[in-house]
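Summary of the model geometry
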Amino acid sequence: MRKQADLLFHAVSLAALVIALVALAVLVFDIVADGGSRLSWQFLTNIASRHPEEAGVYHALMGSIWVILLTGALALPIGVAAAVYLEEYGTRSRLARFIELNIANLAAVPSIIYGLLGLGLFVRFLGMGQSVMAGASTLALLALPVVILSTREALRTVPSTIREGSYALGATKWQTIWNQVLPMALPGILTGLILSLSRAIGETAPLIAIGALTYIPFAPDGIWSKFTVLPIQIFNWVSRPQPEFKVNAAAGILVLLVLLVSMNAVAIVVRDRFQRRGRA
Amino acid sequence: MLLLPIRLASLAPIAALAVTFAACGGGSSSGGTGSSGPALVSLDGSSTVFPLSEAVAEEFQKSNPNMRVTVGISGTGGGFQKFCRAEIDISDASRPISASEVEACGKAGVEYIELPVAYDGIAIATNPKADWADKITVAELKTLWAPDAQGKVKTWNQVRPAWPNREIHLFGAGVDSGTFDYFTEAITGKAKASRGDFTSSEDDNVLVQGISSDELALGFLPFAYYEENASRLKLVPVDDEKPDNGAGPIAPGAETIRNGTYQPLSRPIFIYVSRTAAERPEVQRFVEFYVKNADELAREVNYVGLGGAAYQLVADRFATRTGGSVFSGANTIGVTIDQLLSKERAR
């Protein structure tokens, strides 16, 4: 009886995995079938055009890369610093617990809300306009809760013996955190960052809210440049009357997928390297 | 209250970073447009005008690679909001500037030059299978879309007894769009006065999708969208029951929109140029290019050009920087090219 239950659970969890993978495979197959033929070097190097066969994604691809790099650069230090405070300094206070609850809730706030916040705070109040900086700041806010939560989890996995050993050798709290705790927690921190950036790169709603739904036929040349990103270009193509643009949209989705996968691959390699160093 | 310190604390570095970058950026970030690098012309507004402005922008940049043009889509109303805050140089509008927008621009000291650039028609369409819907009168459209039809007019035979006793499913442009404003003004007599229980979308493709997959559907959408999807939709000719501008039901097309017989559902579309922005050479060049090429490009994106003589007058209007609006406040329902021309001449 116990064995059967075990077998049944095995089967159910395997079925769950298969369902998830099949759905993904069907999606990828469908997109490749629709847009695969449209992919070419020219598609990657051309900019937006009203002629579907001349249109490309260069400007949007570069925009996505600019925005996501800047988002990571903003979210990582702030998120890690906030988590270090919560986990290492303020962990016993009721305030910290209250903040922790709120951060967990913030992670579930719909992204459009962050877009409206970004519009009010970054675009208007801080006068950033519809710049790469405003977009990345908005997405960084969106990514922060996940970065903070996963960093806290990673910090918790560092054994207390490490900290105690460090203190015993006369290290200050800061030296302990910087030299011992953070390096050991780095793989977990990076995983959280990858997850949140992967979400951010596919976001459309908050960027539309800050006004990035625009024909922008050039790649950003700085953080104050106007920009568009791949999901918005795809959205734009899908909403056009000509069916040829649907093919472009499918090809655009493929480019976004490849960008996402390669971004994750780089992050995983970096993470594994740190993990090995941590164990050594 | 308790949350505030930490929120501010976590935002402070971003703000500080922004200020630092802004300081580094120096003069280049003034106004957000950037004076270093290529000159930038920014347009925003109606999704109806977007295809035309985008086509002009694309062609303009082919001949002026050192100038950049961006075209946003935030609706005619959204465009004017930004325009009156001087965030953009040119506002795309599918209706004339409204009294409240004139006031907002006036308060902010933004002066504008109003330039009609093309004509657009609103098409009434059904599913190809709805073979009974061969024509519709303006009065019947009013029966369908009047505010008091809400919840009451639900079947085809309530509009015309000869039509089937089956449900009618209504589709229309989103309530923030200039298309909706214009349609309601032309049909129910008052802008934005409409029943609320119909499927509305700012994305016209949703309407095409909806109508083409529902044989009991009837909807209104920009003519250009009908043209691109002609095989999936059936056009319903509209009879305004005024024989002096074409007797009987008339279907929209380049000819009937241009000669003013497809009434009341064809309208001029505009660009509004900020007078301050027009001082900049790149904006001036772009607007001149726009007016010069609008006729040809309008045809390409399934709009109807004003005709050569009218464009000459529009170009003159820009050259003399004639401000104000000819159309604002005036009833523009049923404005034909001829009337447009004489209004321009009268100035």
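Residues numbered from 1 in each chain as written. Chains lettered and ligands numbered in written order. Predicted model: local features only at pLDDT ≥ 70, side-chain atom pairs only at ≥ 80, totals over all residues.

Here the focus is the domain arrangement of chain A. When the parts of a complex come together, some accessible area is lost, and that lost area is often used as the size of the interface. Residue and element names in this part refer to chain A. Segmentation of chain A into domains returns domain 1 (2-38) and domain 2 (42-279). Summarising the inter-unit geometry, the C-alpha centres of domain 1 and domain 2 are found 28 Å apart. Every contact between the two is made by six residues of domain 1 and, on the other side, seven residues of domain 2. Here the side of domain 1 that touches domain 2 is composed, by residue class, of two nonpolar, two polar and two charged. (Domains from an automatic or database assignment. Contact = placed C-beta atoms within 7 Å. Nonpolar A, V, L, I, M, F, W, Y, C, P; charged D, E, K, R; others polar.)

Attention now moves to the confidence of the model for chain B. All names here are of chain B. With 83% of its residues at a pLDDT of at least 70, chain B reaches an overall mean of 81. Considering each helix and strand of chain B separately, the mean pLDDT is smallest for helix H1 (residues 3-25), with a value of 36, and largest for strand E3 (residues 90-93), with 93. Low pLDDT, under 50, characterises residues 1-35; the stretch is placed with 31 contacts to residues that sit more than four places away or in other chains. Across the whole predicted complex the pTM is 0.77, and at the interface the ipTM reaches 0.75. (pLDDT = per-residue confidence, 0-100. Helix = DSSP H or I, 4+ residues; strand = E, 2+ residues; numbered from the N terminus.)

Residue and element names in this part refer to chain B. Domains assigned within chain B are domain 1 (6-119 + 268-346) and domain 2 (121-258). At the interface, 18 residues of domain 1 touch 17 residues of domain 2. For the side of domain 1 that touches domain 2, the class distribution of residues is eight nonpolar, nine polar and one charged.

Bringing the pairing of strand E2 (residues 67-72) of chain B into the picture now. The buried fraction of E2 of chain B is high, at five of six residues. Pairing analysis gives two bridges linking strand E1 (residues 214-215) of chain A to E2 of chain B, with the strands arranged antiparallel. Counterpart to Thr214 of chain A in the pairing with E2 of chain B is Gly72 of chain B. Strand direction decides the pairing type here: strand E1 (residues 39-45) of chain B and E2 of chain B, joined by five bridges, are parallel. Bridge pairing links Ala39 of chain B to Met67 of chain B in E2 of chain B. With helix H2 (residues 50-63) of chain B bridging E1 of chain B and the parallel E2 of chain B, this β-α-β connection has right-handed handedness. (Buried ≥ 20, exposed ≤ 12 C-beta atoms within 10 Å, placed from the backbone. Pairing = 2+ DSSP bridges. Right-handed = clockwise from strand over helix to strand, strands pointing away.)

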